[in-house]
Amino acid sequence: MNIQQFQYVLAAVDSKNFETAAERCFVTQSTLSTMIGRLEKEIEIKIFNRKTKPVSITPEGEKIIKRLRIINNEIGQLEDLIQELKGDMVGELSIGIIPTISPYLLSLFLPEFARKFPRVKIIVRELTTAQITASLKDRSLDIGLLAIPIKDNELVERELYLEPFLVYDCRDEKKASKISINDLDYSKLWLLQEGHCLRTQVHQICEQSNQCSNYEINFKFESGSMDSLVRFTKANKGITIMPYMALLDFPKEEKKNIVEFKSPIPSRSVGLLTHKFFVKKRLANELQKTIQQSISKLMPKIKKTEIIEPV
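Here the structure is a predicted model, which means the values were calculated and not measured.

Basis of the calculations
- Residues numbered from 1 in each chain as written.
- Predicted model: local features only at pLDDT ≥ 70, side-chain atom pairs only at ≥ 80, totals over all residues.
- Heavy atoms only, no water.
- Phe/Tyr/Trp six-rings, centres within 6.5 Å; stacked < 30°, edge-to-face > 60°.
- Helix = DSSP H or I, 4+ residues; strand = E, 2+ residues; numbered from the N terminus.
- Buried < 20%, exposed > 50% of the residue type's maximum accessible area, 1.4 Å probe, protein only.
- Arc of directions from axis to C-beta.
- Polar contact = N/O pair within 3.5 Å; in protein donor to acceptor, adjacent residues only side chain to side chain.
- Contact = heavy atoms within 4.5 Å.
- Axes fitted to C-alpha atoms, helices over the stretch in contact; angles between N-to-C directions.
- Parallel < 35°, antiparallel > 145°, perpendicular 65-115°, else oblique.
- Left-handed = near helix turned anticlockwise from the far one by under 90°.
- Salt bridge = Lys/Arg side-chain N within 4 Å of Asp/Glu carboxyl O.
- Core = buried A, V, L, I, M, F, W, Y, C linked by side-chain atoms within 4.5 Å.
- Pairing = 2+ DSSP bridges.
- Nonpolar A, V, L, I, M, F, W, Y, C, P; charged D, E, K, R; others polar.

On to the packing of aromatic side chains. If you walk through the whole model with that rule in mind, you get three aromatic pairs. Here Phe 18 and Phe 48 contribute two aromatic rings whose centre-to-centre distance is 5.3 Å and whose plane-to-plane angle is 80°, an arrangement assigned as edge-to-face. Placement of Phe 18 in helix H2 (residues 18-25) and of Phe 48 in strand E1 (residues 48-49) is noted, with a sequence separation of 30 residues between them. Of the two residues, Phe 18 and Phe 48, neither departs from the other in class, the shared state being buried. Ring geometry for Phe 113 against Phe 117: centres 5.3 Å apart, planes inclined by 55°, an arrangement best described as tilted. The exposure class assigned to Phe 117 is buried, which follows from its relative accessible area of 4%.

Glancing now at H2. Among all positions in H2, only Phe 18, Ala 21 and Ala 22 are buried. Down the axis of H2, the sector holding all buried residues measures 100°, keeping them to one side. If you check the start of H2, you find a side-chain oxygen 2.8 Å away from the backbone N of Glu 19, and it comes from Asn 17. Positive backbone phi, at 60°, marks Phe 26, one or two positions downstream of H2.

Position of Ser 102 relative to the elements: it lies in helix H5 (residues 102-116). When neighbours within four sequence positions are excluded, Ser 102 is seen to be in contact with Ile 97 and Glu 126.

With that settled, consider the packing of helix H1 (residues 3-15) against helix H3 (residues 29-43). Orientation of H1 relative to H3, taken along the N-to-C sense of each, is 115°, at an axis distance of 9 Å. As summarised for this structure, H1 and H3 are arranged roughly perpendicular, according to the angle between their axes. Two packed elements cross with a definite hand, and for H1 against H3 that hand is left-handed. Residue-level inspection shows Gln 4, Gln 5, Phe 6, Tyr 8, Val 9 and Ala 12 of H1 in contact with H3, the latter providing Leu 32, Met 35, Ile 36, Arg 38 and Leu 39.

Below, the discussion takes up the pattern of salt bridges. Considering all chains together, one arrives at 12 salt bridges under this definition. Its salt-bridge partner being Arg 24, residue Asp 14 comes within 3.8 Å of it at the nearest N-O pair. Note that Asp 14 is positioned in helix H1 and Arg 24 in helix H2, a separation of 10 residues in sequence. The partner of Glu 40 in a salt bridge is Arg 50, and the shortest N-O contact between them spans 2.9 Å. Of this pair, Glu 40 sits in helix H3 while Arg 50 sits in the loop between E1 and strand E2 (56-57), placing them 10 residues apart in sequence. Since its relative accessible area comes to 35%, Arg 50 is described here as partly exposed.

This part covers the nonpolar core. General note: in soluble globular proteins, nonpolar side chains tend to be found buried as a group. Grouped together as the largest cluster of nonpolar side chains are 46 residues, with contacts concentrated most on Ile 143, Leu 145 and Tyr 161. Secondary structure elements with two or more residues in this core: strand E3 (91-97), H5, helix H6 (129-137), strand E5 (143-148), strand E6 (155-169), helix H8 (226-235), strand E10 (265-275) and helix H9 (281-295). Once residues lying within four places of it in the same chain are set aside, the contact partners of Ile 143 are Leu 93, Ser 94, Ile 95, Gly 96, Leu 136, Leu 272, Leu 273, Thr 274, Phe 278, Ala 284 and Leu 287. Residues Leu 10, Ala 11, Met 35 and Ile 47 belong to the second largest nonpolar core, which totals 18 residues.

So, on to the pairing of E5. Burial within E5 is extensive, with six of its six residues counted as buried. Bridging between E3 and E5 involves three bridges; their strand directions are parallel. Paired with Ile 97 across the strands is Leu 145, a residue of E5. Where E5 meets E10, five bridges bridge the pair, whose relative direction is antiparallel. Paired with Gly 144 across the two strands is Leu 273, which belongs to E10.

With that settled, the discussion passes to the packing of H5 against H9. Between H5 and H9, the least distance of the axes is 9 Å, while the angle of their chain directions is 135°. Looking at the two axes, H5 sits oblique to H9. In this structure, H5 crosses over H9, and the sense of that crossing is right-handed. Contacts between H5 and H9 involve Leu 105, Leu 108, Phe 109, Glu 112, Phe 113 and Lys 116 from the first element and Leu 283, Glu 286, Leu 287, Thr 290, Ile 291, Ser 294 and Ile 295 from the second. In terms of residue class, the contact of H5 with H9 is made up of eight nonpolar, two polar and three charged.

Structural data, given as structure tokens:
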């Protein structure tokens, strides 16, 4: 067995075609097929079923491929570690960020961070919390930016900042200057669709209120973005709960619908997540520093004792 054979197998899987995989690996199709065949013969397990058209993966092959991806990623991590030790900041850095943070945070830190490392190709993807944690574990993602805690022994968390929640209230009723959790009108509360961690956090906020059970909450509207949720809430004269950073892009006339929470203030902790064996420590440290500097003047000064963090 050798690394080249592993790469040929993964190329064939990703390309779903031996001919395309061979072109990608800069070898002939015959060479690629022969090398994969030798690997299968050595391990005495068929990875591909060549009798089907197109060629399919055997059940045993699925398990082999999963392990090969981990090995291939570990080799990449070794190369990254060597660069880190030599002080060479080159290659790629993949970042996953949840959609309820991405629109507000990326523009604040990404241009500055990219200027610091001109030889690093930074790839950013919007992903759900579940997708980020899974990708960090299979090493297809370097860093996650999301709400913490995640509480996973394979992952390392760094807190970046605490972000309070606000109420966007479009009801006709007269608004108070501040509102408590117990005073929310849950019958007119609209949330993001399932799968968004912000929805989960808002549910946790609601559970802290003894008023929740008195209302029939309507969750029929399934929005995938804060922008759509805000528009829908406004059109239906309802209320929603939003992170503080979302307020920064609000038009001046819409800010009249924003109501702050009374102390203790519901909030979320936004953090940086990596695998416990992540080696690009310098890049992670600089990313943390850049993000924290970019939001330091924007986030309100709230004492830790005034805040309730979702668990």
